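So the chains spell out like this:
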Amino acid sequence: MSGMKEENYDNKEEILESENTNENVNETNESSEVNETNEETRTEDIESIKTLLQEKEKLCSEYFDRLQRIAAEFDNYKKRTLKERESVYQTAVAETVAAFLPVVDSIDRAINMFIKENVESAVKEGIELIKRQFEDVMKNLGVEEIKSVGENFNPELHNAVMHVEDENCGPNVIVEEFQKGYKINDKVIRYSMVKVAN
């Protein structure tokens, strides 16, 4: 009986060892499953973060593109506004100068009368002084006389009121100016009235 008890005892130990081994295997399997689950969760988290990062990068790119477009539009707006302001200034100066041109014409006629009469007087000197003052003011405003006599006729600057045959002059050369023309930059205030040789 004692031999049987020992065998039963040995069997019990084997069974216990077997159960312990099974439990260890089960624990290992459970641990493996937990590790696999943790890895799957980490992989899913990483993929989720990558997707979120890509979305944010796309959004940042859209915002940056929008910022660049707005900056370009603002720069164009500033340039357009500056051009419009310069245009308004030139138009105002041109209209003001145009209002004074008949006075300048009268002064020129008075000086030419003194020259034709060959008269030297204080009045002539005073009128010439007034003319120089007008010329200085117009120069400061950016107003220039349009050159005409001896120049080729340019319909953008000159208004031909007479044509004459003159062999001494080339074709379309201005031989006489009846009324001076003026311009500010490229804007004509008044066209020169001229006689052109054909």
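Fair warning: this is a prediction, and the values are worked out from it, not measured in the lab. (Residues numbered from 1 in each chain as written. Predicted model: local features only at pLDDT ≥ 70, side-chain atom pairs only at ≥ 80, totals over all residues. Heavy atoms only, no water.)

Caption draft 1: Highlighting the pattern of salt bridges. All told, the structure shown has 9 salt bridges when counted by the stated rule. Glutamate 120 serves as the salt-bridge partner of lysine 124, at 3.1 Å between the closest nitrogen and oxygen. By relative accessible area, which is 8% here, lysine 124 ends up buried. Glutamate 120 sits in the exposed class, given a relative accessible area of 61%. In this structure, lysine 131 engages glutamate 135 in a salt bridge whose closest nitrogen and oxygen atoms are separated by 2.9 Å. Residue lysine 131 and its partner glutamate 135 are located together in helix H2 (residues 122-140), separated by 4 residues, close to a single helical turn. Judged by relative accessible area, lysine 131 falls into the buried class, the value being 16%. (Salt bridge = Lys/Arg side-chain N within 4 Å of Asp/Glu carboxyl O. Buried < 20%, exposed > 50% of the residue type's maximum accessible area, 1.4 Å probe, protein only. Helix = DSSP H or I, 4+ residues; strand = E, 2+ residues; numbered from the N terminus.)

Caption draft 2: The arrangement of H2 in detail. With 19 residues, H2 extends 27 Å between its outermost C-alpha atoms, agreeing within 8% with the 27 Å of an ideal straight helix rising 1.5 Å per residue. At the N-terminal boundary of H2, the capping side chain belongs to serine 121, with an oxygen 3.3 Å from the backbone nitrogen of valine 123. (Expected span 1.5 Å × (residues − 1). Polar contact = N/O pair within 3.5 Å; in protein donor to acceptor, adjacent residues only side chain to side chain.)

Caption draft 3: Geometry of the layout of surface pockets. Within this model, the largest pocket holds a volume of roughly 280 Å³. In this structure, the largest pocket is lined by Asp105, Asp108, Arg109, Ile111, Asn112, Lys131, Glu177, Phe178, Gln179 and Lys180. Contributing elements (two or more residues each) for the lining of the largest pocket: helix H1 (2-117) and strand S3 (173-179). Looking at the lining of the largest pocket, the element that brings in the most residues is H1, giving 5 residues. For the lining of the largest pocket, the class distribution of residues is 2 nonpolar, 2 polar and 6 charged. (1 Å grid on protein atoms, 1.4 Å probe; cavity = no way out; pocket = protein on both sides within 12 Å on 5 of 7 lines; lining within 4 Å. Points joined across faces, edges and corners; volume = space filled by probe spheres on them. Nonpolar A, V, L, I, M, F, W, Y, C, P; charged D, E, K, R; others polar.)

Caption draft 4: Representation of the sheet that holds strand S1 (residues 143-146). Strand order across the open sheet formed by 3 strands is S1-S4-S5, with antiparallel pairing between neighbours. Strands with a single pairing partner mark the edges of an open sheet, and in this sheet they are S1 and strand S5 (187-190). Between one strand axis and the next, the sheet turns by 35° as a mean value, whatever way the strands run. Note that S1 and strand S4 (residues 181-184) share 4 bridges and pair antiparallel. Counted as the bridge partner of glutamate 144 is lysine 183 from S4. (Pairing = 2+ DSSP bridges. Axes fitted to C-alpha atoms, helices over the stretch in contact; angles between N-to-C directions.)

Caption draft 5: Broad picture of the sheet that holds strand S6 (residues 192-197). With mixed pairing, the 3 strands of this open sheet are ordered in space as S2-S6-S3. Either end of the sheet is taken by a strand with one partner, and the two such strands are strand S2 (158-164) and S3. Strand-to-strand twist of the sheet, defined as the mean angle between neighbouring strand axes without regard to direction, takes the value 35°. Bridge analysis of S2 against S6 gives 6 bridges, and the strand direction is parallel. The partner of alanine 160 across the bridge, within S6, is valine 194.

Caption draft 6: Representation of a nonpolar patch on the surface in the model. Taken together, the side chains of Tyr89, Val137 and Leu141 define a hydrophobic patch exposed on the protein surface, amounting to about 270 Å² of accessible area. Mapping valine 137 onto the fold places it in helix H2. (Patch = residues over 30% accessible without salt bridge, like charges linked within 9 Å, V, L, I, M, F, W, Y side chains within 5 Å. Areas by Shrake-Rupley, 256 points an atom, 1.4 Å probe, with all protein chains shown as cover.)

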